[in-house]
Amino acid sequence: EVVFTSGATEANNLAIQGVLRNLVSRKETKFLRPHIITSAIEHESVLSPCQELERQGLAEVTYLPVGAEGILKVEDVEKAIKENTALVSIAYANSEIGTVQPIAEIGALIERYKILNTKYKILFHVDAVQAAQFLDCDIKKLGVDLLTLSSHKIYGPKGAGALYIRDGVSLAPALY
(Lines give C-alpha, C1' and ligand atoms only; values in the text may rest on other atoms or scores of the structure.)
Protein backbone atom coordinates (compact mmCIF):
# COMPACT_ATOMS: atom_id res chain seq x y z
CA GLU A 1 0.00 0.00 0.00
CA VAL A 2 3.04 2.30 -0.24
CA VAL A 3 4.39 3.81 -3.45
CA PHE A 4 7.77 5.51 -3.19
CA THR A 5 8.09 8.77 -5.11
CA SER A 6 10.67 11.48 -5.72
CA GLY A 7 9.03 13.61 -3.04
CA ALA A 8 5.80 15.06 -1.75
CA THR A 9 5.03 16.99 -4.94
CA GLU A 10 5.00 13.80 -6.97
CA ALA A 11 3.01 11.95 -4.28
CA ASN A 12 0.37 14.72 -4.07
CA ASN A 13 0.07 14.86 -7.85
CA LEU A 14 -0.20 11.08 -8.10
CA ALA A 15 -2.94 11.04 -5.46
CA ILE A 16 -5.04 13.83 -6.96
CA GLN A 17 -4.51 13.24 -10.65
CA GLY A 18 -4.44 9.47 -10.22
CA VAL A 19 -7.86 9.38 -8.57
CA LEU A 20 -9.47 11.81 -11.02
CA ARG A 21 -7.93 10.44 -14.20
CA ASN A 22 -8.93 6.93 -13.14
CA LEU A 23 -12.55 8.11 -12.76
CA VAL A 24 -12.53 10.09 -16.01
CA SER A 25 -11.33 7.02 -17.90
CA ARG A 26 -14.48 5.17 -16.84
CA LYS A 27 -17.63 5.53 -18.94
CA GLU A 28 -19.95 6.66 -16.14
CA THR A 29 -18.02 9.92 -15.61
CA LYS A 30 -19.13 11.25 -18.98
CA PHE A 31 -22.39 12.23 -17.33
CA LEU A 32 -21.16 13.71 -14.07
CA ARG A 33 -17.78 15.41 -13.73
CA PRO A 34 -15.93 14.39 -10.54
CA HIS A 35 -15.80 16.98 -7.76
CA ILE A 36 -12.79 17.69 -5.52
CA ILE A 37 -12.95 19.45 -2.16
CA THR A 38 -9.78 21.08 -0.85
CA SER A 39 -8.89 24.14 1.20
CA ALA A 40 -7.65 27.51 0.03
CA ILE A 41 -4.46 27.15 2.11
CA GLU A 42 -3.14 23.90 0.64
CA HIS A 43 0.42 23.49 -0.56
CA GLU A 44 0.97 24.45 -4.20
CA SER A 45 1.51 20.76 -5.06
CA VAL A 46 -2.16 20.18 -4.16
CA LEU A 47 -3.63 23.41 -5.52
CA SER A 48 -1.87 23.25 -8.91
CA PRO A 49 -3.11 19.79 -9.96
CA CYS A 50 -6.62 20.73 -8.80
CA GLN A 51 -6.50 23.92 -10.86
CA GLU A 52 -5.13 22.07 -13.89
CA LEU A 53 -7.82 19.37 -13.74
CA GLU A 54 -10.40 22.14 -13.44
CA ARG A 55 -8.86 24.05 -16.38
CA GLN A 56 -8.99 20.92 -18.53
CA GLY A 57 -12.66 20.43 -17.67
CA LEU A 58 -11.94 17.08 -16.00
CA ALA A 59 -12.99 18.11 -12.50
CA GLU A 60 -15.06 20.58 -10.55
CA VAL A 61 -13.17 21.93 -7.52
CA THR A 62 -14.36 23.61 -4.32
CA TYR A 63 -11.68 25.59 -2.44
CA LEU A 64 -12.91 25.94 1.14
CA PRO A 65 -11.88 28.96 3.21
CA VAL A 66 -10.44 28.58 6.68
CA GLY A 67 -11.45 30.58 9.75
CA ALA A 68 -9.48 33.42 11.37
CA GLU A 69 -7.31 30.85 13.18
CA GLY A 70 -6.53 29.00 9.94
CA ILE A 71 -8.69 25.98 10.77
CA LEU A 72 -11.08 24.33 8.36
CA LYS A 73 -14.56 23.67 9.72
CA VAL A 74 -15.78 20.10 9.37
CA GLU A 75 -19.28 21.49 8.74
CA ASP A 76 -17.93 23.38 5.71
CA VAL A 77 -16.55 20.14 4.29
CA GLU A 78 -19.94 18.50 4.78
CA LYS A 79 -21.79 21.43 3.16
CA ALA A 80 -19.46 21.20 0.14
CA ILE A 81 -20.13 17.50 -0.50
CA LYS A 82 -22.16 16.93 -3.65
CA GLU A 83 -23.49 13.91 -5.46
CA ASN A 84 -20.37 13.91 -7.65
CA THR A 85 -17.75 14.46 -4.91
CA ALA A 86 -14.95 11.99 -5.53
CA LEU A 87 -12.02 13.32 -3.50
CA VAL A 88 -11.34 15.44 -0.43
CA SER A 89 -7.70 16.57 -0.14
CA ILE A 90 -6.61 18.39 3.04
CA ALA A 91 -3.19 19.00 4.58
CA TYR A 92 -2.86 17.75 8.14
CA ALA A 93 -0.57 20.60 9.26
CA ASN A 94 0.37 23.87 7.59
CA SER A 95 4.05 24.80 7.62
CA GLU A 96 3.46 28.52 7.15
CA ILE A 97 0.88 29.25 9.83
CA GLY A 98 1.28 26.16 12.03
CA THR A 99 -2.34 25.09 12.10
CA VAL A 100 -3.43 21.48 12.49
CA GLN A 101 -6.60 20.49 10.68
CA PRO A 102 -9.28 18.17 12.21
CA ILE A 103 -8.30 15.25 9.99
CA ALA A 104 -9.82 12.46 12.10
CA GLU A 105 -13.14 14.31 12.23
CA ILE A 106 -13.11 14.89 8.47
CA GLY A 107 -12.19 11.23 7.97
CA ALA A 108 -15.14 10.15 10.12
CA LEU A 109 -17.45 12.43 8.12
CA ILE A 110 -16.27 10.95 4.83
CA GLU A 111 -16.69 7.40 6.17
CA ARG A 112 -20.36 8.17 6.82
CA TYR A 113 -20.78 9.38 3.23
CA LYS A 114 -19.19 6.23 1.82
CA ILE A 115 -22.29 4.27 2.78
CA LEU A 116 -24.69 6.76 1.18
CA ASN A 117 -25.82 6.60 -2.42
CA THR A 118 -23.48 9.08 -4.08
CA LYS A 119 -22.14 8.81 -7.62
CA TYR A 120 -18.58 8.11 -6.51
CA LYS A 121 -17.09 6.60 -3.38
CA ILE A 122 -15.50 9.67 -1.77
CA LEU A 123 -11.78 9.19 -1.18
CA PHE A 124 -9.83 11.13 1.45
CA HIS A 125 -6.29 12.30 0.70
CA VAL A 126 -4.15 13.86 3.42
CA ASP A 127 -0.88 15.69 2.84
CA ALA A 128 0.90 14.71 6.07
CA VAL A 129 4.33 16.04 5.11
CA GLN A 130 4.44 18.61 7.92
CA ALA A 131 2.68 16.33 10.42
CA ALA A 132 4.54 13.03 10.21
CA GLN A 133 7.24 13.94 12.71
CA PHE A 134 4.90 15.51 15.26
CA LEU A 135 1.36 14.14 14.97
CA ASP A 136 -0.28 10.72 15.00
CA CYS A 137 -0.50 9.57 11.38
CA ASP A 138 -2.27 6.28 12.06
CA ILE A 139 -4.22 5.84 8.84
CA LYS A 140 -6.97 3.82 10.51
CA LYS A 141 -7.54 6.42 13.25
CA LEU A 142 -7.54 9.24 10.70
CA GLY A 143 -9.79 7.44 8.20
CA VAL A 144 -7.63 8.28 5.18
CA ASP A 145 -7.44 6.53 1.82
CA LEU A 146 -4.28 8.25 0.59
CA LEU A 147 -1.53 9.90 2.63
CA THR A 148 1.53 11.83 1.43
CA LEU A 149 4.90 11.78 3.21
CA SER A 150 8.28 13.35 2.49
CA SER A 151 11.50 11.71 3.59
CA HIS A 152 13.51 14.83 4.42
CA LYS A 153 10.86 16.02 6.90
CA ILE A 154 11.49 12.93 9.03
CA TYR A 155 15.31 12.97 8.80
CA GLY A 156 15.54 10.90 5.63
CA PRO A 157 17.25 11.85 2.37
CA LYS A 158 16.00 14.64 0.12
CA GLY A 159 14.41 13.51 -3.12
CA ALA A 160 12.34 10.71 -1.61
CA GLY A 161 8.70 10.62 -0.66
CA ALA A 162 5.88 8.15 -0.34
CA LEU A 163 2.18 7.86 -1.00
CA TYR A 164 0.14 5.49 1.10
CA ILE A 165 -2.72 4.10 -1.01
CA ARG A 166 -5.37 2.08 0.83
CA ASP A 167 -5.80 -1.38 -0.61
CA GLY A 168 -8.61 -1.29 -3.17
CA VAL A 169 -8.09 2.35 -4.23
CA SER A 170 -7.41 2.59 -7.96
CA LEU A 171 -5.23 5.32 -9.47
CA ALA A 172 -4.33 6.08 -13.05
CA PRO A 173 -0.54 6.01 -13.42
CA ALA A 174 1.37 9.29 -13.54
CA LEU A 175 3.84 7.90 -16.06
CA TYR A 176 3.30 5.50 -18.95
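Residues numbered from 1 in each chain as written. Predicted model: local features only at pLDDT ≥ 70, side-chain atom pairs only at ≥ 80, totals over all residues. Heavy atoms only, no water.

Trainee: I would appreciate a short explanation of the packing of helix H1 (residues 8-24) against helix H2 (residues 44-55) in the present structure.
Mentor: Working note: a packed helix pair is described by the angle between its axes plus the distance between those axes. Across the interface, H1 lies against H2 with an axial gap of 9 Å and an inter-helix angle of 30°. Of the possible angle classes, the one that applies to H1 and H2 is roughly parallel. As for how H1 packs across H2, the hand of that crossing is right-handed. The segment H1 lies against H2, with Ala-8, Thr-9, Asn-12, Asn-13, Ile-16, Gln-17, Leu-20 and Arg-21 engaging Ser-45, Val-46, Pro-49, Cys-50 and Leu-53. Tallied by class, residues from the contact of H1 with H2 come to seven nonpolar, five polar and one charged. (Axes fitted to C-alpha atoms, helices over the stretch in contact; angles between N-to-C directions. Helix = DSSP H or I, 4+ residues; strand = E, 2+ residues; numbered from the N terminus. Parallel < 35°, antiparallel > 145°, perpendicular 65-115°, else oblique. Left-handed = near helix turned anticlockwise from the far one by under 90°. Contact = heavy atoms within 4.5 Å. Nonpolar A, V, L, I, M, F, W, Y, C, P; charged D, E, K, R; others polar.)

Trainee: Explain the pairing of strand S5 (residues 123-127) here, please?
Mentor: Regular strands show a simple pattern: their side chains alternate between the two faces of the sheet. Within S5, five of the five residues are buried, which leaves the element mostly enclosed by the surrounding structure. What you see with S5 is no split at all: Leu-123, His-125 and Asp-127 on one side and Phe-124 and Val-126 on the other are buried throughout. One ladder, built from five bridges, connects strand S4 (residues 85-91) with S5; its direction is parallel. Looking at S5, one finds that Val-88 is bridged to Phe-124. (Buried < 20%, exposed > 50% of the residue type's maximum accessible area, 1.4 Å probe, protein only. Pairing = 2+ DSSP bridges.)

Trainee: How should I be thinking about the sheet that holds strand S1 (residues 2-5) in this particular structure?
Mentor: Pairing between the strands of a sheet is mediated by backbone hydrogen bonds and can be parallel or antiparallel. Overall, mixed pairing links the seven strands, which are arranged S1-S7-S6-S5-S4-S2-S3 in an open sheet. The sheet is open, and its two edges are formed by S1 and strand S3 (60-64), each paired on a single side. Each adjacent strand pair in this sheet contributes to an overall mean axis angle of 15°, direction not counted. Pairing analysis gives four bridges linking S1 to strand S7 (residues 161-165), with the strands arranged antiparallel. Counterpart to Val-2 in the pairing with S7 is Tyr-164.

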